[in-house]
Amino acid sequence: MFNDIGPLELVTLIVLAVLVFGPDKLPKVIQDVTRTIRKIREFSESAKQDIRDELGPEFKDFEFEDLNPKTFLRKQLDGDSLGLGDIRSGFDLKKEMAEVTDAVNGRGGSDSAVSPSAGARVDMTKRPEEPAQDARPLFDADAT
């Protein structure tokens, strides 16, 4: 709960508490605060247990930390019920980029593996070849 409090901040809080409550009342205040924190913890654990009992046996492994969106997403994605592991392992970025480069440059087929760092240049002064009447272009020139 207080993991981000440094030693200087802790000493400042202690000195401030001694100045506010005085050295004679400080032990009683500390006891009251710890008793209140303990009661709050017991109350929250009791409420969690009541909710688990009301949900029934199908939610026996339910954790309240799962209600945090980050924890929920992490748990769902790590379970690999969506098959994301297969997608990640089957995706080769260099191959995909080479195919896109070939398609944009008008080279046929995905067999010609050209790395993007090869420095291939496109001659912009040359008029592009007219496609056959029944052939569709690889991309929409008006959309780009």
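Residues numbered from 1 in each chain as written. Predicted model: local features only at pLDDT ≥ 70, side-chain atom pairs only at ≥ 80, totals over all residues. Heavy atoms only, no water.

Attention now moves to the overall build of the chain. For the chain, the helix and strand inventory stands at 5 helices and 0 strands. When the helices and strands of the chain are placed in sequence order, the string is α-α-α-α-α. Total accessible area computed for the chain in this model is approximately 13400 Å², and 59% of it derives from carbon and sulfur atoms. (Helix = DSSP H or I, 4+ residues; strand = E, 2+ residues; numbered from the N terminus. Areas by Shrake-Rupley, 256 points an atom, 1.4 Å probe, with all protein chains shown as cover.)

With 30 residues, helix α2 (residues 26–55) extends 44 Å between its outermost C-alpha atoms, agreeing within 8% with the 44 Å of an ideal straight helix rising 1.5 Å per residue. Where α2 terminates, the next one or two residues include glycine 56, which has phi positive at roughly 100°. (Expected span 1.5 Å × (residues − 1).)

This part covers the pattern of salt bridges. Oppositely charged side chains can form a pair if their charged atoms are brought close together. Overall, the coordinates contain 3 salt bridges when judged by the stated rule. In this structure, glutamate 63 engages arginine 52 in a salt bridge whose closest nitrogen and oxygen atoms are separated by 3.7 Å. One end of the pair, glutamate 63, is in the loop between α2 and α3 (69–78); the other, arginine 52, is in helix α2, and 11 residues separate them in sequence. (Salt bridge = Lys/Arg side-chain N within 4 Å of Asp/Glu carboxyl O.)

A cluster of nonpolar side chains, namely Ile5, Leu10, Leu13, Ile14, Leu16, Val18, Val20 and Phe21, defines an oily patch on the protein surface of about 680 Å² accessible area. Mapped onto the secondary structure, leucine 13 falls in helix α1 (residues 7–21). (Patch = residues over 30% accessible without salt bridge, like charges linked within 9 Å, V, L, I, M, F, W, Y side chains within 5 Å.)

In this model, the chain carries an average pLDDT of 77, and 72% of its residues clear a pLDDT of 70 or more. Ranking the elements of the chain by mean pLDDT puts helix α4 (residues 84–90) last with 67 and α2 first with 92. (pLDDT = per-residue confidence, 0-100.)

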